[in-house]
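What the coordinates show
The lines below spell out each chain.
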Amino acid sequence: MRVLLVEDDEPVAQSLRRGLVRYGFAVEWVRTGGEALTAAGQLNGTELNGTEPYDVVLLDLGLPDVEGLDVCRALRERSAVPIIVISARSDEADRVVGLELGADDYVTKPFGMREVIARIRAVMRRARPAGAGAGRAPGGPDRYGPRLTIDRRAGRVHLDGSPVALTPKEYDLLGFLTEEPGALMSREQIMEAVWDAHWFGPTKTLDVHVAALRRKLAGAVAIEAVRGVGFRLEILDAGARPA
Ligand code: CA
């Protein structure tokens, strides 16, 4: 996953870059609107070859050379790449204009790294309805192993072809854990992504939901608890035993 980070404020950019790299993103950092539009030119050129150099653009509005909103509009004219506007301005007007000019989401400084990651994942889910991800048939649901499918557009989960009744939070939790099967997710990451961006309370409710998913999806996925850290979801093969 490649991120184009457009931000002139060095401490903010460095901290964002460190955070993004920690979450597995490759980051190209530019400081001006001009450089961003140069990168957009590359976007335009390579898009014709069917490959996008960036999966998402993080765009600061307060840039030294060009008005950020103009950069947003120009980027959108050239490419369908998801754009998340990051800004110190909390003006409702800016937010509305940014979204009207084609930004996909908007975060206001100061923000937490996990909020940014959650929004990147959300815009990328929306931006890639078809053809992305292993095992996904164009326009169809995501397939996880031989038994489980998740249709993120329709919000439906099937096990062996039969619908699985999940509560909204169970669905969100499954959606989060299956974004990166095999990756260890901390309790804090999960709580912030699924329940609330600023969760500081007990996380027992997480264990209850994990237990429900294990029960309902037995044999299709294993959700391993890593003591003192969090959880790791594994997709099971046809012959694997329920965990
Ligand atoms: Ca700035």
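For every chain, the first residue of the written sequence is number 1, and numbering continues from 1 onward in sequence order. Two thresholds apply to this predicted model, a pLDDT of at least 70 for residue-level local features and 80 or more for giving and counting side-chain atom pairs, whereas whole-chain, interface and lining totals are computed over all residues. In computing side-chain properties, one takes all heavy atoms of the structure into account and sets aside hydrogens as well as water.

This paragraph deals with the pairing of strand β3 (residues 56-60). Remember that side chains alternate between the two faces of the sheet whenever the strand is regular. Within β3, five of the five residues are buried, which leaves the element mostly enclosed by the surrounding structure. Relative to β3, strand β1 (residues 2-6) runs parallel, the two being bridged by four bridges. Directly across from V3, in β3, lies its bridge partner V56. Note: β3 against strand β4 (residues 83-87), four bridges, orientation parallel. Along β4, the bridge assignment pairs D60 with I86. Three labels apply to residues, based on accessible area from a 1.4 Å probe with only protein chains included: buried if under 20% of the type maximum, exposed if over 50%, partly exposed otherwise in between. Helix numbering and strand numbering both begin at the N terminus, where a helix is a DSSP run of H or I of at least 4 residues and a strand a DSSP run of E of at least 2. Two strands qualify as a pair provided DSSP detects at least 2 bridges between them.

Let us look at the side chain of E170. Among the secondary structure elements, E170 is positioned in helix α6 (residues 168-177). By the criterion applied in these results, polar contacts are pairs of N or O atoms within 3.5 Å in which, for protein atoms, one can donate a hydrogen and the other can accept it, and in which residues neighboring in sequence qualify only through two side-chain atoms. A polar side-chain atom of E170 sits 3.0 Å from the main-chain amide nitrogen of T167. The criterion used for residue contact is that any of the two residues' heavy atoms lie within 4.5 Å. With residues up to four places along the chain from it excluded, the contact list for E170 reads A165, H209, A212, L213 and K216.

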